[in-house]
Amino acid sequence: MTSDQHPMFSVSPSGTAPSVVARPAGAAANQHSLHIPHHSSEPLLLFEQVSKWYGSVLALNQVTLSLTGGITGLVGANGAGKSTLLRMANGQLKPTLGRVSVHGIDTWDWRARRLVGYCPDIDAFYEDLSGRRFVWVMARLCGYTRTESTRRTEAVLERVGMRDRADRKLRGYSKGMRQRVKLAQALLHDPELLILDEPLSGIDPIGRQELLEVFQSLAAQGKCLLISSHELEALEKLTNHVAIMARGRIAAVGTLPQIRELLDDHPLSVRIDVDRPRDLARLLLAVPEVLSVDIGKAPEPIGLVVKARHPKQFFQTFSRLVVEHQLEVRRLEPLDESVHDILGYLLGGSGKT
Amino acid sequence: MAAHTDNLLRYRPWRGKPHGPLYASVAMARVSLLLMVRRRLLWGLFALGLLVFFFFFYAQYLVVWITNQLATETVRFAGIPVTIGNLTKFFDRLALNGTAHTFGNFIWYQGYVLVILLALAGSVLVGNDFFHGSLPFYLSKPIGRWHYVLGKCLAIGVFVNLLVTLPAIGLWVEAGVLYDWQTYYLDNFDLLLGILGYGLVLTITLSLLVVATAVWVRRAVPMVMIWMGLFVFLRMLGDQLGREVDPRWRLIDLWNSLYLCGLSCLGAEHVTIRPTPQPEYWEAWMMVGTVCGVCLLYLRRRVQAVEIVS
């Protein structure tokens, strides 16, 4: 997915993509630091040099991050600090050092939570209540009148596809139904910022697609979504704008191509299907950014796999060569630009989360 | 915001403004009560509390009826003639005559049921939120941590008043009907205020104590053990030491201290309090105040540090 396919780009009211500014702490992070201008002067969610200790364990290490809109995926290995970061964004945790604010209001202050909807990863409900009753109670806690609570409850239940199943007791719900109810209660007060911790966990493929569409429509309405997920393929369908966490730091943040471009140590692999592969291979070997070219084996040697440094320059040169030599490119596919691959490069190992 | 709401939730514009977090505390109390009334055991305890009330209710009626109608007659027990008035002697300890001690005694005995009920309610109302991890749902809404505590205290307060204050008011009303109601209600209006005061003291103290202990131990069994220690073991110890060493030792019996505060609200003479000797009223108030203060300090410490770490 290229940057112009990013859902956030297509839905942004101002037509500008950027939604995140991050200044990762530490030398490693600085290498991948991105500064993307945003369309609003005031950040919606702002982490300022935030650190969090659990006893002697450092969960977050001087994280600075700001979000202004769109969908941002939060990925990282287990124990990287994702959930801690999300809980701080919602005021469930207090930073040991630094400050977290939503529109300038400290997230530890209850007023900030009028702007934030939170869908936690746990699903410990009052099992005796029905889904409808649970969501209604949550609406009352938001301060709505009885009538308004009922209307909002019905609206959000319909939104997450639970209206016809909401009268059953929560103890009889499947994992997917619980996820939907959790999402419903997070949407009740129409928050500007929606924080979702593993929202796709346990949901079947059809339900997952439905929820992805809900997330996209929310972003299209100008909401800011921060989604933590281990479901990298699903996350990629939703957004290619990610914040990658490692060992309590923001290792990188931005769109996937932007992050990938910064990974100079790991050459980009690109598969190219072209009408004259041998000619193209010869041309590419003369390009300084190209490290190697593999030609597909007989009997149909039509594909090349090229490894190149500095993807931006490589693609510029490649485009020029294609035009100059009138090559017919049938397919151009980066092989290691997925979240999974980038995560693997950043964190070492396979990138499995 | 309104426009977003319309798009998102697809209903007509809502022009209202959400209430503040105090309103949410009331909503939280309501759902807590809802959770409690679904438990049969608590209905059983309520029934037991109702039995205590009916005992006082009918005994008060019986004493007045016997005194008025049959006081001069005698009946024979095993051939021994006994004045009817003497048959009601065993009620004297309960002072079923519409005085301060009537209501004080009623609340004292109702306390046995109340303590058991609250020990069980604490883990359901508060402990489960911590133990099962449902707290993030509450605290992700626009309420503060103190509003959460207030909501739970309100729910507990409802139990206390349903079980203690309301029935005591019922006894006061009954006493007025049994005696000369015009004179009784006017002369003993301060008793009504005293009942309300006693109820308030119980509500504040017990709700803080329930929330504090439930936040501390979270589960039902340890909670019951701690409450039994507070209200049974310390009571026995306080009673023993109060008789043999110093009456101030009775202060460690929290229920007795609350009883003294209640009698002080009801305007009972200190010398009429049984068993004797008893510490002074002001000492009991100090003790109850200290317990509330300790609970508040503990809750403050815990509430400020309530962080959702799974």
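Predicted model, so just to flag it, every value in this text is computed and none were measured. (Residues numbered from 1 in each chain as written. Chains lettered and ligands numbered in written order. Predicted model: local features only at pLDDT ≥ 70, side-chain atom pairs only at ≥ 80, totals over all residues.)

1. Remarks on the overall build of chain B
Turning to step 1, where the next piece is worked out: Assigned secondary structure in chain B consists of twelve helices and two strands.
Turning to step 2, where the next piece is worked out: Seen in sequence order, chain B has helices and strands lined up from the N terminus as α-α-α-β-β-α-α-α-α-α-α-α-α-α.
Turning to step 3, where the next piece is worked out: Taken over the C-alpha atoms alone, chain B extends approximately 85 × 50 × 35 Å along its principal axes.
Turning to step 4, where the next piece is worked out: Split into buried and exposed, the 310 residues of chain B put 41% on the buried side. (Helix = DSSP H or I, 4+ residues; strand = E, 2+ residues; numbered from the N terminus. Buried ≥ 20, exposed ≤ 12 C-beta atoms within 10 Å, placed from the backbone.)

2. Notes on the sheet that holds strand β12 (residues 268-274) of chain A
Hydrogen bonds between backbone groups are what pair the strands of a sheet, and the pairing can be parallel or antiparallel.
All names here are of chain A.
Turning to step 1, where the next piece is worked out: In spatial order, the strands read β13-β14-β12-β15; together these four strands make up an open sheet with antiparallel pairing. Each of the sheet's edge strands pairs with one partner strand only, and the pair in question is β13 (290-295) and β15 (329-334). Taking the axes of each pair of neighbouring strands and ignoring which way they run, one obtains an average angle of 20 degrees across the sheet.
Turning to step 2, where the next piece is worked out: The pairing of β13 with strand β14 (residues 303-308) spans five bridges and is antiparallel. Its bridge partner lying in β14, Val293 is registered against Val306. (Pairing = 2+ DSSP bridges. Axes fitted to C-alpha atoms, helices over the stretch in contact; angles between N-to-C directions.)

3. Looking at helix α4 (residues 131-141) of chain A
Turning to step 1, where the next piece is worked out: The buried fraction of α4(A) is high, at ten of eleven residues.
Turning to step 2, where the next piece is worked out: Among the residues making up α4(A), those that are buried are A:Gly131, A:Arg132, A:Phe134, A:Val135, A:Trp136, A:Val137, A:Met138, A:Ala139, A:Arg140 and A:Leu141.
Turning to step 3, where the next piece is worked out: Residues of α4(A) that are buried in the fold lie against α5 (146-159) and α6 (175-187) of chain A together with α2 (21-37) and α6 (135-139) of chain B. (Contact = placed C-beta atoms within 7 Å.)

4. Details of the environment of B:Ile252
Turning to step 1, where the next piece is worked out: Within the fold, B:Ile252 resides in the loop between α10 (220-244) and α11 (254-266).
Turning to step 2, where the next piece is worked out: For B:Ile252, the contacting residues outside a window of four places in its chain are B:Leu234, B:Leu237 and B:Gly238.

5. Focus on unusual backbone geometry
Turning to step 1, where the next piece is worked out: Of note, the amide linkage connecting B:Arg274 to B:Pro275 takes the cis form, showing an omega dihedral of -5 degrees.
Turning to step 2, where the next piece is worked out: Position of B:Pro275 among the secondary structure elements: in the loop between α11 and α12 (281-304).
Turning to step 3, where the next piece is worked out: Here the amide bond leading from B:Thr276 into B:Pro277 is cis, since omega sits at -10 degrees, within 30 degrees of zero.
Turning to step 4, where the next piece is worked out: As for its placement among the helices and strands, B:Pro277 is situated in the loop between α11 and α12.
Turning to step 5, where the next piece is worked out: For A:Arg247, which is not a glycine, the phi torsion comes out positive at approximately 50 degrees.
Turning to step 6, where the next piece is worked out: Relative to the elements of secondary structure, A:Arg247 occurs in the loop between β10 (241-246) and β11 (249-255).
Turning to step 7, where the next piece is worked out: Although it is not a glycine, B:Arg218 sits at a positive phi angle of roughly 70 degrees.
Turning to step 8, where the next piece is worked out: Turning to its location among the elements, B:Arg218 is positioned in the loop between α9 (189-217) and α10.
Turning to step 9, where the next piece is worked out: Judged by the 18 C-beta atoms lying within 10 Å of it, B:Arg218 is partly exposed.

6. Concerning the nonpolar core
Where a protein is soluble and globular, its nonpolar side chains tend to be buried together.
Turning to step 1, where the next piece is worked out: Among the nonpolar cores identified, the biggest contains 162 residues, and A:Val135, A:Ile195, A:Leu225, B:Phe103, B:Ile156 and B:Val211 are the most heavily contacted of them.
Turning to step 2, where the next piece is worked out: The contact partners of A:Leu225, leaving out residues within four places of it in the chain, are A:Ile71, A:Thr72, A:Leu194, A:Leu196, A:Phe215, A:Leu218 and A:Ala219.
Turning to step 3, where the next piece is worked out: Within the second largest apolar cluster, eleven residues are counted, among which are A:Val290, A:Val306, A:Ala308 and A:Phe318. (Core = buried A, V, L, I, M, F, W, Y, C linked by C-beta atoms within 7 Å.)

7. Focus: the environment of B:Gly98
Residues and elements named next belong to chain B.
Turning to step 1, where the next piece is worked out: Within the fold, Gly98 resides in the loop between α4 (84-87) and α5 (100-131).
Turning to step 2, where the next piece is worked out: You can call Gly98 buried: it has 22 C-beta atoms within 10 Å.
Turning to step 3, where the next piece is worked out: In this structure, the C-alpha to C-alpha distance between Gly98 and Val173, residues 75 residues apart in sequence, is 9.3 Å.
Turning to step 4, where the next piece is worked out: Those residues in contact with Gly98 that lie beyond four places of it in its chain are Ala175, Tyr179, Tyr184 and Asn188.

8. What to know about the sheet that holds strand β9 (residues 224-228) of chain A
All names here are of chain A.
Turning to step 1, where the next piece is worked out: Read from one edge to the other, the open sheet built from six strands follows the order β7-β8-β9-β4-β10-β11, with strand pairing classed as mixed. Each edge of the open sheet is held by one strand with a lone partner, namely β7 (116-119) and β11. Across the sheet, the mean angle separating the axes of adjacent strands is 15 degrees when strand polarity is ignored.
Turning to step 2, where the next piece is worked out: Looking at chain direction, strand β4 (residues 70-76) and β9 are connected through five bridges and run parallel. Looking at the pairing, Gly70 lines up with Cys224 of β9.
Turning to step 3, where the next piece is worked out: With respect to the sheet, helix α3 (residues 82-89) is in contact with β4, β8 (193-197), β9 and β10, its orientation differing from that of β9 by roughly 150 degrees.

9. Overview of the environment of A:Tyr345
Residues and elements named next belong to chain A.
Turning to step 1, where the next piece is worked out: With respect to the secondary-structure elements, Tyr345 resides in helix α12 (residues 339-347).
Turning to step 2, where the next piece is worked out: For Tyr345, a count of 17 C-beta atoms within 10 Å translates into the label partly exposed.
Turning to step 3, where the next piece is worked out: Remark: the alpha-carbon pair of Tyr345 and His266, spanning 79 residues in sequence, is separated by 7.2 Å.

10. As for α2(B)
Turning to step 1, where the next piece is worked out: Here α2(B) is 17 residues long and its end C-alpha atoms lie 24 Å apart, about the 24 Å a rise of 1.5 Å per residue gives.
Turning to step 2, where the next piece is worked out: For α2(B), the set of buried residues is B:Pro21, B:Ala24, B:Ser25, B:Ala27, B:Met28, B:Ala29, B:Val31, B:Ser32 and B:Met36.
Turning to step 3, where the next piece is worked out: The elements touched by buried residues of α2(B) are α4 of chain A together with α3 (40-69), α5 and α7 (145-178) of chain B. (Expected span 1.5 Å × (residues − 1).)

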